[in-house]
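Here is how the chains run, residue by residue.
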Amino acid sequence: PLTLEEVRMLVELFYLPYHHGPLAQELLEHFRWLRANSLSVGVPATAPDACGGTRWRGRAQSFQLLCARTCRLHSRLVSTAGRALLYDLHPYLWDIRNLLLAASAFVLWLGCQSIAAPVLLGRDAEPWARRGGLFGELQALLPVGNSCDLFYHPPPLFPSSQLYLLRPLLPLDKLGHEGGGCSEVSQGLQAQPSRAPALPGRLLGSFLSLSPEYTFVLEDEGGPCGYAAGALHAEGFLQQRDSSWLPAIRHKYPPDLGAGGTALGQEAVLFFHAEPLAVPQPVLRRFPSLVQLGTAPRVLDVGASRSLALCLLSALRANGSRGVFCQVSDADRQQLSFYSKLG
């Protein structure tokens, strides 16, 4: 059964509409301070204000631990609570868990930036755009907090106790991709191994090479199970992809490489040698950033996918993006369904 400490955590997260328990108050105070002082991150250890960076990272670690405790509480509630109590409380705790997954990864991302930038926020939203309680206050602290349609979604019919970790891409993740994107992250999404770059290179190759600072990884107990990748300035990213990255990949994987291999391998090689479709200028002017997301088939909780999207969009918005677009083939029903479920 739930321990007394876990019950106390649950009460403190949903204490009163305008009055939070100590745990919730601590979460909010850490998040407010970390966002307001993000400029102190990224300085060299020998810099005069290195103490500011050390203090920031210390509070970031405390915030991460609180987020992890809340995610474990959600998993424990699903595993141990009676059905009636679970279905009453689960929607609220599920919402908080999803938001804290995104907030935790966003704070990690702020700490990974080599050039710290101020967090840019939109105008204040109308009161009806946000919920009350802890959820609404956490929502307001994310750079995309005014985009209310990103935050309202029904909980799953069958609650899952699966634990997830959401984090920025680490240098270790990119080892061995050599421009083709064959990293553990993208291989974790692959159903079957194959010759040639196959699915990993198609999914993440250009982002790993040209825009790794806007790439996030979702993990479960089985390892990497989802990704979110973006390019802040899509026009420059696409030009660089077509002028330098694609020619290098085509040289590395000639058209005859996939012959005799699996259908997936042949399709991937041909994909690299096909001319990419141009993005119309009106789209680039209105939506200057490019995004791409995906999860493994085993990720059935749409809340984890939403957290991926929230984190990527928050990172792009924090650095000034005012709109994003994604490229999907009209024949790719799986991806169309995935983005539709994200809203």
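In the annotation of an unreviewed UniProt entry, the entry for the protein reads OGA GlcNAcase, and the organism field reads Donacobius atricapilla.

> Now, about the overall build of the protein: what can you tell me, with residues and values included?
When you go through the protein residue by residue, the secondary structure sums to twelve helices and five strands. The proportion of buried residues among the 343 residues of the protein is 48%. Taking all contacts inside the protein whose residues are at least 6 apart in sequence as the whole, residues at least 24 apart take part in 74%. Total accessible area on the protein is roughly 17000 Å²; 59% of this is exposed by carbon and sulfur atoms.

> Can you explain the pattern of salt bridges? Please cite residues and give values.
Using the criterion set out here, one finds eight salt bridges in the structure. We note a salt bridge from E137 to R32, for which the minimum N-O separation is 2.8 Å. With a gap of 105 residues between them, E137 in helix 5 (residues 133-141) and R32 in helix 2 (residues 22-36) connect regions that are remote in the sequence. E137 sits in the partly exposed class, given a relative accessible area of 28%. Here the salt bridges do not stand alone but share partners, grouping E5, R8 and R69 into one network.

> So, the nonpolar core: which residues are in play, and what are the values?
Nonpolar side chains in soluble globular proteins tend to end up buried together. In this structure, F31, F216 and L293 are the most contacted members of the largest nonpolar core, which totals 66 residues. It is helix 4 (residues 83-112) that provides the largest number of residues to this core, a total of 13 residues. Residue contributions to this core reach at least three from each of two domains, namely domain 1 (1-161) and domain 2 (164-342). Core analysis: the second largest hydrophobic core is formed by 15 residues, F207, A234, L238 and F325 among them.

> Could you give an account of the packing of aromatic side chains, with specific residues and numbers?
Two measures describe an aromatic ring pair: the distance that separates the ring centres and the angle between the ring planes. According to the stated counting rule, one finds six aromatic pairs in the structure shown. Where F14 meets Y92, the ring centres are 6.3 Å apart and the plane angle is 65°; that geometry is what we call edge-to-face. With F14 in the loop between helix 1 (4-13) and helix 2 and Y92 in helix 4, this pair connects stretches of sequence that are 78 residues apart. Residue class for F14 comes out partly exposed when judged on its relative accessible area of 34%. Between F31 and F63, the ring centres sit 5.3 Å apart and the planes meet at 25°, which makes this aromatic pair stacked. Of the two residues, F31 is situated in helix 2 and F63 in helix 3 (residues 50-80); the sequence distance between them amounts to 32 residues. The buried category is assigned to F31, whose relative accessible area is 1%. What makes F63 buried here is its relative accessible area of 0%. Connected via pairs of aromatic rings, a cluster forms that spans F106, W109 and Y214.

> Just give me the short version of the packing of helix 2 against helix 4, but keep the residues and values in it.
Contact geometry for helix 2 and helix 4: axes closest at 11 Å, N-to-C directions at 35°. In the packing of helix 2 onto helix 4, the handedness of the crossing is left-handed. Residue-level inspection shows L27, F31 and L34 of helix 2 in contact with helix 4, the latter providing L100, A103, F106 and V107.

> Which residues make up the environment of Q25, and what values do they have?
Inspection of the secondary structure puts Q25 in helix 2. Taking relative accessible area as the criterion, Q25 reaches 28% and is therefore assigned partly exposed. With 109 residues separating them along the chain, Q25 and L134 place their C-alpha atoms 8.6 Å apart.

> Tell me about helix 12 (residues 333-342), and name the residues and values.
Listed in full, the buried residues belonging to helix 12 are F338, Y339 and L342. End-on view of helix 12: buried residues confined to an arc of 90°, all on one side of the axis. What points out from helix 12, more than 90 degrees from its buried face, is the exposed set R333, S340 and K341. Buried residues in helix 12 make contact with strand 4 (289-295) and helix 11 (302-318). G343 occupies a position one or two residues after helix 12 and carries a positive phi of about 90°.

> Describe the packing of helix 4 against helix 5, listing the residues and the values that go with them.
Put simply, helix 4 and helix 5 touch, their axes get as near as 10 Å, and they point 20° apart. One element, helix 4, and the other, helix 5, form an angle in the roughly parallel class. The two elements helix 4 and helix 5 meet at a crossing, and its hand is left-handed. Along its contact with helix 4, which presents D95, I96, L99 and L100, the element helix 5 presents L134, F135, L138 and Q139. The class makeup of the residues in the contact of helix 4 with helix 5 is six nonpolar, one polar and one charged.

> For the pairing of strand 2 (residues 215-220), give the residues involved together with the corresponding values.
Taking burial as the measure, the six residues of strand 2 include six buried ones, the bulk of the element. What you see with strand 2 is no split at all: T215, V217 and E219 on one side and F216, L218 and D220 on the other are buried throughout. Direction of pairing for strand 1 (residues 165-168) relative to strand 2: antiparallel, over a ladder of four bridges. Counted as the bridge partner of P168 is F216 from strand 2. With six bridges connecting them, strand 2 and strand 3 (residues 223-231) associate as antiparallel partners.

Cut-off values and rules
Note on numbering: residues in each chain are counted from 1, in written sequence order. The predicted nature of this model means local features are confined to residues of pLDDT at least 70 and side-chain atom pairs, given and counted, to a pLDDT of 80 or more, with totals for whole chains, interfaces and linings taken over all residues. With hydrogens and water set aside, each side-chain value is computed from the structure's full complement of heavy atoms. Only runs of H or I of at least four residues qualify as helices and only runs of E of at least two qualify as strands under DSSP, and these elements are numbered from the N terminus. Each residue's exposure class comes from its accessible area (1.4 Å probe, protein chains only) as a fraction of the maximum for that residue type: buried when under 20%, exposed when over 50%, partly exposed otherwise. Throughout, a residue-residue contact means that at least one pair of heavy atoms, one from each residue, lies within 4.5 Å. Accessibility throughout is a Shrake-Rupley quantity obtained with a 1.4 Å probe, and a residue counts as covered only by protein chains that appear here. Note on definitions: salt bridges are taken to be side-chain nitrogens of Lys or Arg within 4 Å of carboxyl oxygens of Asp or Glu. Think of a nonpolar core as a cluster: buried Ala, Val, Leu, Ile, Met, Phe, Trp, Tyr and Cys residues, connected wherever their side-chain atoms sit within 4.5 Å. By convention here, the domain bounds are inherited from an automatic or database domain assignment. The rule is short: rings of Phe, Tyr and Trp, with Trp giving its six-membered ring, pair when the centres are within 6.5 Å, and they are stacked under 30 degrees, edge-to-face over 60, tilted in between. Here, axes are lines fitted to C-alpha atoms. For helices the fit covers the stretch in contact, and angles between N-to-C directions go from 0 to 180 degrees. Definitions for this section: a left-handed crossing has its near helix turned counterclockwise from the far helix by less than a right angle. A right-handed crossing has that turn clockwise. Of all possible arcs, the one meant is that of the directions from the helix axis to the C-beta atoms. Each angle receives one of four descriptions, namely roughly parallel if under 35 degrees, roughly antiparallel if over 145, roughly perpendicular if within 65 to 115, and oblique otherwise. In this count, Pro and Cys sit with the nonpolar residues alongside Ala, Val, Leu, Ile, Met, Phe, Trp and Tyr, while Asp, Glu, Lys and Arg are called charged and the others, Gly among them, polar. Note on pairing: two strands pair once DSSP finds at least 2 bridges between them.

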